[in-house]
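The lines below spell out each chain.
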Amino acid sequence: MTRYAELQTLSNFSFLQGASHPWELVLTAAALGLEAIGLTDRNSLAGVVRAWSALRDLPPSDHRLRVLTGCRLDLNDGSPSLLCYPTDREAYGRLTRLLTLGQRRTVKGQCQITREDVLAHAEGQLFLVVPPARLDETFRRDLEHLRGELRGSIWLAAARAYGARDLQRLSHLAALASQTGVPMVAVGDVLYHRPDRRPLQDVVTCIREGCTLEEAGLRLQAHAE
């Protein structure tokens with residue numbers, strides 16, 4: 001297949017968000033022949049060790065797969081979410097300190113960080129901006145500001161939602177990338193490793209939203225069909 005690295009992946013360490021174990025995601029990425037897979041759990045690096053352990057268990061012929069260490073930073077000041085990838089040991093240390101700072105501000109299981117916190121720990125990090133559902137003028141301004149603040153270490157993540165307006169949204173994202181000078185990168189926004197894990201994904205979504213399957217409606221992820 002064409003060389004491809006998956007850079008937006010949630011595991012079950014993103015509580016009530018992802019529906020697969022890190023090792024399942026890694027083994028499936030290897031089976032599909034991906035160049036690399038990055039684990040980006042929400043405000044957490046908890047699944048990274050399991051992901052790397054799975055890499056060690058692969059047959060030698062599959063060791064070409066790279067497992068990238070990262071996380072998704074969901075900010076509390078209205079700024080867009082960021083996928084963050086440290087480029088060296090020092091940057092990894094800054095990322096862990098950022099997460100610790102955010103976790104100490106609130107109750108267990110939650111994290112409170114702002115864009116200013118991210119900028120203070122940004123040295124050596126690579127960032128992908130996760131677009132919100134609504135691509136409005138506020139998001140365009142945020143993207144421009146982030147480009148200026150992060151200078152050369154920022155990209156715009158573009159994923160298909162399997163909705164009726166996917167092509168229109170991708171075209172809008174491409175236009176934003178051109179206007180702001182932030183390069184666009186394709187991501188999968190992966191939530192589970194195989195189609196048969198979909199029912200579990202629907203169940204955890206209902207638990208998170210406090211509703212039944214019959215009531216969930218558009219709160220469930222769209223079918224690939």
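Structure: see above.
Residues numbered from 1 in each chain as written. Predicted model: local features only at pLDDT ≥ 70, side-chain atom pairs only at ≥ 80, totals over all residues. Heavy atoms only, no water.

(A) Seen up close, the pairing of strand 5 (residues 81–86). Most of strand 5 sits inside the fold, with 6 of its 6 residues counted as buried. Going residue by residue along strand 5, you find Ser81, Leu83 and Tyr85 tucked away on one face and Leu82, Cys84 and Pro86 tucked away on the opposite face as well. Sheet analysis places strand 5 next to strand 6 (residues 125–130), joined by 6 bridges and oriented antiparallel. From the neighbouring strand, Pro86 faces strand 6, where its bridge partner is Gln125. (Buried < 20%, exposed > 50% of the residue type's maximum accessible area, 1.4 Å probe, protein only. Helix = DSSP H or I, 4+ residues; strand = E, 2+ residues; numbered from the N terminus. Pairing = 2+ DSSP bridges.)

(B) Molecular detail of a nonpolar patch on the surface. The grouping of Leu200, Val203, Ile207 and Leu213 at the surface amounts to a nonpolar patch, some 340 Å² of accessible area in total. Looking at the nonpolar patch element by element, the count peaks at 3 residues for helix 7 (residues 198–209). Looking at the element boundaries, Leu200 is found in helix 7. For Leu200, a relative accessible area of 40% corresponds to the partly exposed category. (Patch = residues over 30% accessible without salt bridge, like charges linked within 9 Å, V, L, I, M, F, W, Y side chains within 5 Å. Areas by Shrake-Rupley, 256 points an atom, 1.4 Å probe, with all protein chains shown as cover. Salt bridge = Lys/Arg side-chain N within 4 Å of Asp/Glu carboxyl O.)

(C) How the structure looks around the sheet that holds strand 8 (residues 184–186). Read across the sheet, 5 strands follow the order 4-5-6-7-8 without closing on themselves; strand pairing throughout is mixed. Each edge of the open sheet is held by one strand with a lone partner, namely strand 4 (71–73) and strand 8. On average, each strand axis in the sheet is tilted by 35° relative to the strand beside it, whichever way the strands run. Two strands pair when backbone bridges link them, and strand 7 (residues 154–158) and strand 8 are joined in this way by 3 bridges, in the parallel orientation. Its bridge partner lying in strand 8, Leu156 is registered against Met184. Contacts from helix 5 (residues 137–150) reach strand 5, strand 6 and strand 7, with the element oriented near 145° to strand 7. On the sheet, helix 6 (residues 166–180) packs against strand 7 and strand 8 and is oriented at approximately 170° with respect to strand 7. (Axes fitted to C-alpha atoms, helices over the stretch in contact; angles between N-to-C directions. Contact = heavy atoms within 4.5 Å.)

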